[in-house]
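Residue strings, one per chain:
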Amino acid sequence: MSTAPRLLVVGSVAIDWIITPRAERPEAVGGSATFFSVAASQLAPVRLVGVVGHDFPQATIADLRARGVDMDGLEIVPDGLTFRWKGRYHDNMNARDTLETQLNVFANFDPKLPASYRDSEYLFLANIQPDLQLQVLEQVARPRLVGLDTMNLWIDIAKPSLLKVLGRVDALLINEEEAMQLTGEHNLVKAARGIQRIGPKSVVVKRGEYGALLFHGEDVFSAPALPLEEVVDPTGAGDVFAGGFMGWIARCDSPHGDDLRTAMIYGSTLASFCVQGFSYDGLAELDASRIRARFDAFARLTDFRRAELR
Ligand code: AMP
């Protein structure tokens, strides 16, 4: 029997149309589960649950498989079209507008886990309609840690379902503005504490180029983002962060305090590669030595001497 940690993700597998101030990519492979899997597979084997139509590139499915992503849970609807999302970034690349969302095959998605996935120990409910997240959660027998991501759209149109699934997760990864929108708090600490009261004992607040904060019980940890001179495309950085975070937890099979802090740095490390290319191009050529070198760059970025005040 394999002793590899069992990490499962459900989320969108998409074709994006990305417009940045400097370039445009009309047929970019995207989706929360795609970005998550590419990142997490650098650290631990991943199982993916999602749905695509006949227009999704076979070469990408083969590429994900080659990266160690188990694609048995990807449903291909022969007469359907893949989920499509179109977004445009503002000049500073920190903000973006959604121009178009086409649910397509997601409109009738009824996730059924392959029997072999039910023993997954680590589960990530990536950004997707919250009822679908709950449906997947209910099919996993005894997860050791459940993480969840969401977005403003679901807070707007499916809040009761979102609160229901949140009551059953251990870690919420969420953008700063969404944390405030969800709780009605304008102070980040109060927002995080409010979310902890809903259910998740760990809350990761993602702040784009300003890094991410982890609230775990009473503990608070701050991870920076790597200062980069050029950001090509931030799409998927949040999902890649989640992939690094969950991938590390699954790899060391420990969802506890100090390992969560290290997981934050793996999330930040992988996200820094993601933003350097369109789609998952920035992660395509990664290997252990490049990841290690950048992990060390994060250590240097925050290392300081503890000087006593005498
Ligand atoms: P991020 O930049 O981390 O927020 O993730 C961007 C990815 O989320 C894109 O590749 C989109 O395809 C995907 N996405 C956008 N809107 C949705 C949605 N409503 N449900 C699921 N995935 C979405």
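Throughout what follows, the structure given in this document is the object of discussion. (Residues numbered from 1 in each chain as written. Predicted model: local features only at pLDDT ≥ 70, side-chain atom pairs only at ≥ 80, totals over all residues. Heavy atoms only, no water.)

**Some thoughts on the site of the ligand**
Of all residues adjacent to the ligand, which total 19 residues, the nearest are Ser12, Asp16, Gly31, Gly236 and Asp239. Contact between the ligand and Arg96: an oxygen atom at 2.8 Å from a side-chain N or O atom of the residue. In isolation the ligand has 500 Å² of accessible area, and contact with the protein removes 91% of it. Those elements that provide at least two residues to the shell around the ligand are β2 (14-19), β6 (83-89), α4 (152-157) and α8 (237-252). Taken together, the residues of the shell around the ligand sort by class into nine nonpolar, seven polar and three charged. (Near = heavy atom within 4 Å. Polar contact = N/O pair within 3.5 Å; in protein donor to acceptor, adjacent residues only side chain to side chain. Areas by Shrake-Rupley, 256 points an atom, 1.4 Å probe, with all protein chains shown as cover. Helix = DSSP H or I, 4+ residues; strand = E, 2+ residues; numbered from the N terminus. Nonpolar A, V, L, I, M, F, W, Y, C, P; charged D, E, K, R; others polar.)

**Quick look at unusual backbone geometry**
Although it is not a glycine, Met93 sits at a positive phi angle of roughly 65 degrees. Along the chain, the position of Met93 falls in the loop between β6 and β7 (96-102). Notably, Ser279 is not glycine yet its phi reads approximately 45 degrees, a positive angle. With respect to the element layout, Ser279 can be found in the loop between α9 (257-274) and α10 (281-284).

**Digging into the packing of helix α3 (residues 130-137) against helix α5 (residues 159-166)**
Two numbers describe how α3 lies on α5: the axes approach to 8 Å, and their chain directions differ by 30 degrees. By the angle between their directions, the pair α3 and α5 is classed as roughly parallel. The two elements α3 and α5 cross, and the hand of that crossing is left-handed. Packed against α3, whose contacting residues are Pro130, Asp131, Gln133, Leu134 and Leu137, the element α5 presents Ser161, Leu162, Lys164 and Val165 at the interface. Split into classes, the residues belonging to the contact of α3 with α5 amount to five nonpolar, two polar and two charged. (Axes fitted to C-alpha atoms, helices over the stretch in contact; angles between N-to-C directions. Parallel < 35°, antiparallel > 145°, perpendicular 65-115°, else oblique. Left-handed = near helix turned anticlockwise from the far one by under 90°. Contact = heavy atoms within 4.5 Å.)

**Things to note about the nonpolar core**
In terms of nonpolar packing, the biggest core is built from 56 residues, with Phe36, Phe245, Met264 and Leu283 touching the most fellow members. For this core, the element with the most residues is α9, which contributes nine residues. In this view, Met264 contacts Val204, Ala212, Leu213, Leu214, Phe221, Ala223, Phe241 and Phe245; residues no more than four positions away in its chain are not counted. Grouped together as the second largest cluster of nonpolar side chains are 46 residues, Ala14, Trp85, Met93 and Leu113 included. (Core = buried A, V, L, I, M, F, W, Y, C linked by side-chain atoms within 4.5 Å. Buried < 20%, exposed > 50% of the residue type's maximum accessible area, 1.4 Å probe, protein only.)

**Regarding the packing of aromatic side chains**
Evaluated as defined, the whole model comprises six aromatic pairs. Measuring from centroid to centroid gives 5.7 Å for Phe83 and Phe106, while their planes differ by 85 degrees, and the two rings are edge-to-face. In this pair, Phe83 sits in strand β6 while Phe106 sits in the loop between β7 and β8 (122-125), placing the two residues 23 residues apart along the sequence. The class of Phe106 is buried, set by a relative accessible area of 8%. A network of ring pairs unites the aromatic residues Phe83, Phe106 and Phe109 as a single cluster. Its guanidinium or amino end placed over the ring of Trp17, Lys86 lies 3.7 Å from that ring's centre, counting from NZ or CZ. Above the face of the Phe273 ring, Arg294 is positioned so that its terminal group lies 4.0 Å from the ring centre. (Phe/Tyr/Trp six-rings, centres within 6.5 Å; stacked < 30°, edge-to-face > 60°. Lys NZ or Arg CZ within 6 Å of the ring centre and 35° of its normal.)

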